[in-house]
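Spelled out from the first residue to the last, the chains are:
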Amino acid sequence: MLQLVVCLKRHIKSDTGCVGATSRLCVGYSGGLDSSLLLHLLAEARQRLGFSLTAVHVHHGLSNQADVWAQHCMQVCAALDVPLAIHRVNVQLAGEGLEAAARAARYRIFCQLDADFLVLAHHRDDQAETVLLQLLRGASLKGLAAMPEVRPLTEKLMLLRPLLAMTRAEIAAGAAEMGLSWVEDASNADLRLARNALRQDVLPRLNLHFPHAPKALAQAAVQFTEAALLLDALADQDGHAAIGQHGLAVAALQALPESRARNLLRRFLERAGAEMHPEAVREALRQLCDARPDAQVRVDFGQHSLRRYRGWAVVEAALPEISQDATSIRIWQGEKCLDLGEAGSLQFQSAQGEGVRLAPGVVSIRKRLGGERIKPGPGRPRRTLKNLLREAGIPAWQRGVMPLIYLDDDLVWSAGVGADSDFLTKPEEAGWIISWQAKTHQV
């Protein structure tokens, strides 16, 4: 109880603090040992510290005992006068393993909570297991930093771990002293799961020779956190003048020592939401700095792509392939807004003596196939769209989703370029002012 109160008091609301008398705390309650002790301690502390308390139970449906666990949680929360919300989830494997898939399902629920704090029962042994597991996976410093005591989960929700300084043995002793009951998940004994193997087999053997291993690993997590923060600060310093509205200047990367350049690139990618892969970061830095000037640099990071364009590194969400069928069959029938799906949308505003003439004939929206030409101004020769789009500073990989408007078989308007001058309206004619709204892909 003392450690929980000490932790919460560290975050009592002040000019810079967090938990206050009006704070809404929600405890993640699985029904197991750790969260059972946390729930009871919070229930005891709520009057003393002034916060309101609810609980959330995520029903994964992975065990034939899942309904029994949910019923147990309902009974305990009712006895403590703690409102409980039970959420059933569908755990879908996506190549990351059952543990990771279940965790992702839980956190999707957590991120939707209407609370100020989500309070979880992670403890020091969990921290040690996480650090060791991340080491074995070759994680980055941020991965090795493992679990902080407090961090933002969403813009409005903070995650708090007040038992992080306690050991599993201390939690078990506290639960026994309070006479608590809890559920036991039989899957915790399944050594095919990585964390279970560490907990049940590897760490006990390690403790035989290094009794203070869990404490040392937890302390290492704090040091890794400090090191990661310092690297972020250095990257922000290096990126202050190197990152602008166009992206990250390749020349700035080339001017830095390799390790600092890689650190700056990692930070740039991280802020864009790209998935971090150390080898991919190394390869991306090599291509950005060493590829020939006309090379089409592209390195994928999950759902994002890093590209180089005119001396800038640019991160974009993956652009979909727009099939010809998705746009060529779109016939405009006078709509003010025409949704093109992944190609964005077109807006049409009627005007007298302005804009593009779209009659008589059939107006269709198509994608670029190559070789198209347009007349950019009266008295000027027709030019290829490729060259006009390039002069407009539009990267090649973005041009494939830019729509074209045809009147019968004549190209009359192109996104990024505008109207063919032969189809501009005369003062006495009705015309259309056309604009294209692209889907936001650049980060």
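Anything mentioned here points back to the structure above.
Here is a short report on the structure shown in this document.

1. A few points about the nonpolar core
Then comes step 1: Counting residues in each nonpolar core, the largest one holds 30 residues, and the members touching the most others are Leu25, Leu39, Leu42, Phe51, Leu53 and Val82.
Then comes step 2: Those elements giving two or more residues to this core turn out to be strand S1 (24-28), helix H2 (33-49), strand S2 (52-59), helix H3 (66-80), strand S4 (117-119) and helix H7 (168-177).
Then comes step 3: The greatest single-element share of this core, amounting to nine residues, is contributed by H2.
Then comes step 4: Phe348, Val363, Ile405 and Leu411 belong to the second largest nonpolar core, which has 27 residues in total.

2. Details of helix H5 (residues 124-136)
Then comes step 1: Taking 1.5 Å of rise per residue, 13 residues should cover 18 Å, and H5 covers 19 Å from first to last C-alpha, within 8% of that figure.
Then comes step 2: Most of H5 is tucked away: ten of the 13 residues are buried.
Then comes step 3: Listed in full, the buried residues belonging to H5 are Asp125, Asp126, Gln127, Ala128, Glu129, Thr130, Val131, Leu132, Leu133 and Gln134.
Then comes step 4: Turning to H5, the residues buried within the fold contact H2, helix H6 (141-144), H7, helix H8 (194-209) and helix H9 (213-239).
Then comes step 5: Following H5 by one or two positions, Gly138 adopts a phi angle in the positive range, close to 70°.

3. Overview of the pairing of strand S9 (residues 298-301)
On any regular strand, side chains alternate: one points to one face of the sheet, the next to the other face.
Then comes step 1: Going residue by residue along S9, you find Val299 and Phe301 tucked away on one face and Arg298 and Asp300 left uncovered on the opposite face.
Then comes step 2: The pairing of S9 with strand S10 (residues 304-309) spans four bridges and is classified as antiparallel. The partner of Asp300 across the bridge, within S10, is Ser305.
Then comes step 3: Counted along the chain from S9 to the antiparallel partner S10, the turn is two residues long, and its residue Gly302 has a positive phi close to 65°.

4. Brief notes about the layout of surface pockets
Unoccupied space between atoms shows up once a probe the size of one water molecule is rolled over them.
Then comes step 1: A volume near 360 Å³ is recorded for the second largest pocket.
Then comes step 2: Lining the second largest pocket are 16 residues; nearest its centre among them are Asp294, Gln296, Tyr309, Ala396 and Arg399.
Then comes step 3: Grouping the amino acids of the lining of the second largest pocket by side-chain chemistry returns seven nonpolar, two polar and seven charged.

What counts, and where the lines are drawn
Residues numbered from 1 in each chain as written. Predicted model: local features only at pLDDT ≥ 70, side-chain atom pairs only at ≥ 80, totals over all residues. Heavy atoms only, no water. Core = buried A, V, L, I, M, F, W, Y, C linked by side-chain atoms within 4.5 Å. Buried < 20%, exposed > 50% of the residue type's maximum accessible area, 1.4 Å probe, protein only. Helix = DSSP H or I, 4+ residues; strand = E, 2+ residues; numbered from the N terminus. Expected span 1.5 Å × (residues − 1). Contact = heavy atoms within 4.5 Å. Pairing = 2+ DSSP bridges. 1 Å grid on protein atoms, 1.4 Å probe; cavity = no way out; pocket = protein on both sides within 12 Å on 5 of 7 lines; lining within 4 Å. Points joined across faces, edges and corners; volume = space filled by probe spheres on them. Nonpolar A, V, L, I, M, F, W, Y, C, P; charged D, E, K, R; others polar.

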